[in-house]
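Take a look at the letters that make up each chain.
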There are 2 protein chains.
Amino acid sequence: MRKLDAEILTIGDELNRGEIVDTNSAWLAEELTRLGAHVRWRTSVTDDAGDMEEAMRRAAGRARIVVSTGGLGPTDDDRTVDVVAATLGVPTVTDPAHEAKLVARAAARAFVLTPNNLRQVRVPQGAKVLGNEKGMAPGFLVELGGSAMIFMPGVPREMKGIWSDFAVAEVAALVGTGPVTSKRIWRSFGIGESHVDHRLRGLLDGVADATLHFRIAYPETLVTVVVRRPSLVEAEAVLDALDVEVRTRLGSHAYATGDQTLAAALGARLLARGETIAVAESCTGGMLGQYLTTVPGSSAWFPGGIISYANAVKEGQLGVRSSTLATHGAVSEAVVTEMALGVRERLGSTWGVAVSGVAGPSGGTAEKPVGTVWLALAGPAGVVTHKVVWPSERELVRTFAVFSAMHLAWKSLTP
Amino acid sequence: MRKLDAEILTIGDELNRGEIVDTNSAWLAEELTRLGAHVRWRTSVTDDAGDMEEAMRRAAGRARIVVSTGGLGPTDDDRTVDVVAATLGVPTVTDPAHEAKLVARAAARAFVLTPNNLRQVRVPQGAKVLGNEKGMAPGFLVELGGSAMIFMPGVPREMKGIWSDFAVAEVAALVGTGPVTSKRIWRSFGIGESHVDHRLRGLLDGVADATLHFRIAYPETLVTVVVRRPSLVEAEAVLDALDVEVRTRLGSHAYATGDQTLAAALGARLLARGETIAVAESCTGGMLGQYLTTVPGSSAWFPGGIISYANAVKEGQLGVRSSTLATHGAVSEAVVTEMALGVRERLGSTWGVAVSGVAGPSGGTAEKPVGTVWLALAGPAGVVTHKVVWPSERELVRTFAVFSAMHLAWKSLTP
């Protein structure tokens, strides 16, 4: 079977000036490959109309499927709709559904539409509109010289929405049905890529048409298995059998599959037990609370917390003793213990989790270098503490600390 | 004046399957732009020899400078040297310097070289070798149809080494020592792309060799002006003159230039005034504190705050009256006012900033839809409040709320 040739075309000056890294085309390449297409070319041009038309014609000449992003915004240098229309020899028309949405949003936000706002709700006449549920500019599909060309905005969130909601079905129809590819992702924390690799060695021995991949999504390590079977049921059965094996080998490091975050996994445990958790944060400055509250409905298990960046706040709002601070320093087992106990008591939660560390770039010492983080979890049966040393850049240290705190709580709540 | 056209060509199957994101081409695009070249096209092909040759010929036909990465390794699917040689009609030859380095390394590590190892030290006959100090495969430069074509390995560390050590000088010689390109970015908040566009219309009228661009870095809108002048001093003088005009037209929406974040701009104001700010967060759950503490040294002006996600925490830790909550609801001007006053008083800070809103996806009502956020800033002279309505997804509402809070404080501290 010859796979269908595809080309990805990204449009925008800022890409060719190197101001942003083109993550869209890698994402689309993975999607197209997953669907069974063969991405032969990826092309990127500026907002120059002549170059855009040349790129579109060449892509149509060598690929059955062309997927393009960018140039669909409201400003004068967003020219994709005009160039596509000119290439096809048709006028542009306003899409009524997206126009209505734009007008409604402007009313809701009490702002006045400029003439330019309406530029972004146009499509070439005759194009099939691919609705944008997350933004204003519609995607669309046209045919040019036997090639199906899909155009979407460059904003990754909007592009991914249009892709999943509408474009995938168009591409799948072109590629046709055959064997089904199914994928499962296991998310792990606290174990490096090479150790995951080591523990999963031989996992796929005797499993045909299956591949194993590792990827870092800092600070997590993601394990992906892709299997190809005649039907979805058969593919999922293989993945279900592997699921038991992967979890056994990775132990408490593997906390979820798919898109479930560590915060959501922790929240699900708390919800099931009817318990709550409060946070006391020093070096993370609110980041732990922020992660927990990314989960919709987190108010059922998260009452809040204290950001005690300064020692005076650790004393005044959490009841940490000044003698403890003076004797052990803010980054110490004794201080995080009192922070966790303090926030649990003052907020009346089942659990209190505390973080105090040296995030850097300055403030490190020989005894407590940048990356030293103390964690404590106070609960009905007392306090457990944990120390991590993860020398790195400020934001990476903070993120690692937040995941360490969530993982400590998740493990403690898991039977 | 016509700038020298350039094209970036990346070669490799793994890029077109989306397994890795192509960061090389963004890096090279920025370098070429900095040197004064105009990157018109970026093209990416697989290891297919026919596609590679087509891409090389097209690039040579439309760009004076072509920079390529990938396909220079030791395996059979590394075909760049062979395809370049075939396109030029010359044989491949071994580069003695890199061969000697490879032989010496093999001897030091006591391994036997296979014929394949020697594949990577070849170049097309007549090519100018660009030495690889960080790896085994040399870069090289050839001329094809009036175009200078530079080939380098795809490993970013090796590519950047060859580029800096040798390729930059080649490109600079081609571009010449003439005009200099200089760029300035203004960061704005609270005004959409189309309104920024509208306000800046005609900004560059009468300014030669200058371009204006807009870009969303949610929730900010970035304005970029690129100017080209005979010297850096002249280019910067133009940008300085435009700086006054841009700030006048955008008013308090424009808060910084370059890489300075809104959190850093607010921190700089506080530091200059010797003042501090504490946070009281409801729907943002710690995100405001997290943003403020991304700034190294923020402990000088940020003591901490209270995450009062639950109403009980608003009462217990911030002193919000239960009657205020009962009368007005948690998302109200009255409650954020008491939150801001409460955190300022309890943490003893100069300023207290409070956020309470409906982040969604549930919890919205007709009167207070998802996206409704109340903000309050308490200071020495009293309290100012502000309401925003920004219907969107949960994380976007929260991010918008955090930026609104920082912007309210920044404006109030700006003379």
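Residues numbered from 1 in each chain as written. Chains lettered and ligands numbered in written order. Predicted model: local features only at pLDDT ≥ 70, side-chain atom pairs only at ≥ 80, totals over all residues.

### Description of helix H14 (residues 333-347) of chain B
Residues and elements named next belong to chain B.
Link 1 in the chain: Between its first and last C-alpha atoms H14 spans 21 Å; for 15 residues at 1.5 Å apiece the expected length is 21 Å, and the two agree.
Link 2 in the chain: The element H14 is largely enclosed, with a buried count of eleven among its 15 residues.
Link 3 in the chain: Two residues or fewer after H14 comes Gly 348, characterised by a positive phi angle close to 65°. (Helix = DSSP H or I, 4+ residues; strand = E, 2+ residues; numbered from the N terminus. Expected span 1.5 Å × (residues − 1). Buried ≥ 20, exposed ≤ 12 C-beta atoms within 10 Å, placed from the backbone.)

### What about the interface of chain B and chain A?
Link 1 in the chain: Listed by partner, the interface residues are 62 residues for chain B and 61 residues for chain A.
Link 2 in the chain: In terms of residue count, strand E2 (residues 38-45) of chain B provides more of the side of chain B that touches chain A than any other element does, seven residues in total.
Link 3 in the chain: Its residues assigned to classes, the side of chain B that touches chain A shows 28 nonpolar, 22 polar and twelve charged.
Link 4 in the chain: Here five bridges tie strand E2 (residues 38-45) of chain A to E2(B), and the two strands are oriented antiparallel to one another. (Contact = placed C-beta atoms within 7 Å. Nonpolar A, V, L, I, M, F, W, Y, C, P; charged D, E, K, R; others polar. Pairing = 2+ DSSP bridges.)

### Points about helix H6 (residues 156-175) of chain A
Residues and elements named next belong to chain A.
Link 1 in the chain: Relative to the 28 Å expected for 20 residues at 1.5 Å per residue, H6 spans just 24 Å between its end C-alpha atoms, considerably shorter than the ideal helical length.
Link 2 in the chain: Maximum bend of H6: about 55°, positioned at Ala 167.
Link 3 in the chain: Those residues of H6 lying buried are Glu 158, Met 159, Gly 161, Ile 162, Trp 163, Phe 166, Ala 167 and Val 171.
Link 4 in the chain: Buried residues belonging to H6 abut helix H2 (24-34), strand E3 (65-69), strand E6 (128-130), strand E7 (139-144) and strand E8 (147-152). (Bend = angle between axes of the 7 residues up to and from the residue.)

### A closer look at the nonpolar core
Link 1 in the chain: Core analysis: the biggest nonpolar cluster contains 138 residues, and A:Ala340, A:Ala409, B:Ala340 and B:Ala409 have the highest contact counts within it.
Link 2 in the chain: Other than its neighbours up to four places away in sequence, A:Ala409 contacts A:Leu266, A:Ile277, A:Trp351, A:Val353 and A:Leu377.
Link 3 in the chain: By size, the runner-up hydrophobic cluster in this structure holds 95 residues, among which are A:Met136, A:Met149, B:Val83 and B:Val123. (Core = buried A, V, L, I, M, F, W, Y, C linked by C-beta atoms within 7 Å.)

### Quick look at the confidence of the model for chain A
Link 1 in the chain: For chain A, mean pLDDT is 92; residues scoring 70 or higher make up 99% of the total.
Link 2 in the chain: Interface confidence for the predicted complex, given as ipTM, is 0.78, next to a pTM of 0.77. (pLDDT = per-residue confidence, 0-100.)

### Comments concerning the sheet that holds strand E9 (residues 180-189) of chain A
The strands that make up a sheet pair up through hydrogen bonds in the backbone, lying either parallel or antiparallel.
Residue and element names in this part refer to chain A.
Link 1 in the chain: Overall, antiparallel pairing links the four strands, which are arranged E10-E11-E9-E12 in an open sheet. At either end of the open sheet lies a strand with only one pairing partner, and these are strand E10 (210-217) and strand E12 (254-257). Adjacent strand axes in the sheet meet at a mean angle of 25° when their direction is disregarded.
Link 2 in the chain: Taken together, the ten bridges between E9 and strand E11 (residues 220-229) define a ladder with antiparallel strand orientation. Counterpart to Lys 183 in the pairing with E11 is Val 226. (Axes fitted to C-alpha atoms, helices over the stretch in contact; angles between N-to-C directions.)

### Examining the environment of B:Val93
Link 1 in the chain: As for its position among the elements, B:Val93 is in strand E4 (residues 92-94).
Link 2 in the chain: Here B:Val93 is in contact with B:Arg122, B:Val123 and B:Gln125, once residues within four sequence places are set aside.

### A word on the sheet that holds strand E16 (residues 372-379) of chain A
Link 1 in the chain: The ten strands are arranged E17(A)-E16(A)-E15(A)-E13(A)-E14(A)-E14(B)-E13(B)-E15(B)-E16(B)-E17(B) in an open sheet whose pairing can be described as mixed. At either end of the open sheet lies a strand with only one pairing partner, and these are strand E17 (382-389) of chain A together with strand E17 (382-389) of chain B. Along the sheet, successive strands turn relative to each other by an average axial angle of 10°, direction set aside.
Link 2 in the chain: Here strand E14 (residues 304-308) of chain A pairs with strand E14 (residues 304-308) of chain B via five bridges, running antiparallel.

### Some points on the pairing of E17(A)
Residues and elements named next belong to chain A.
Link 1 in the chain: Strand direction decides the pairing type here: E16 and E17, joined by eight bridges, are antiparallel. Looking at E17, one finds that Val 373 is bridged to Val 388.
Link 2 in the chain: Following E16, the chain reverses through two residues before pairing antiparallel with E17.

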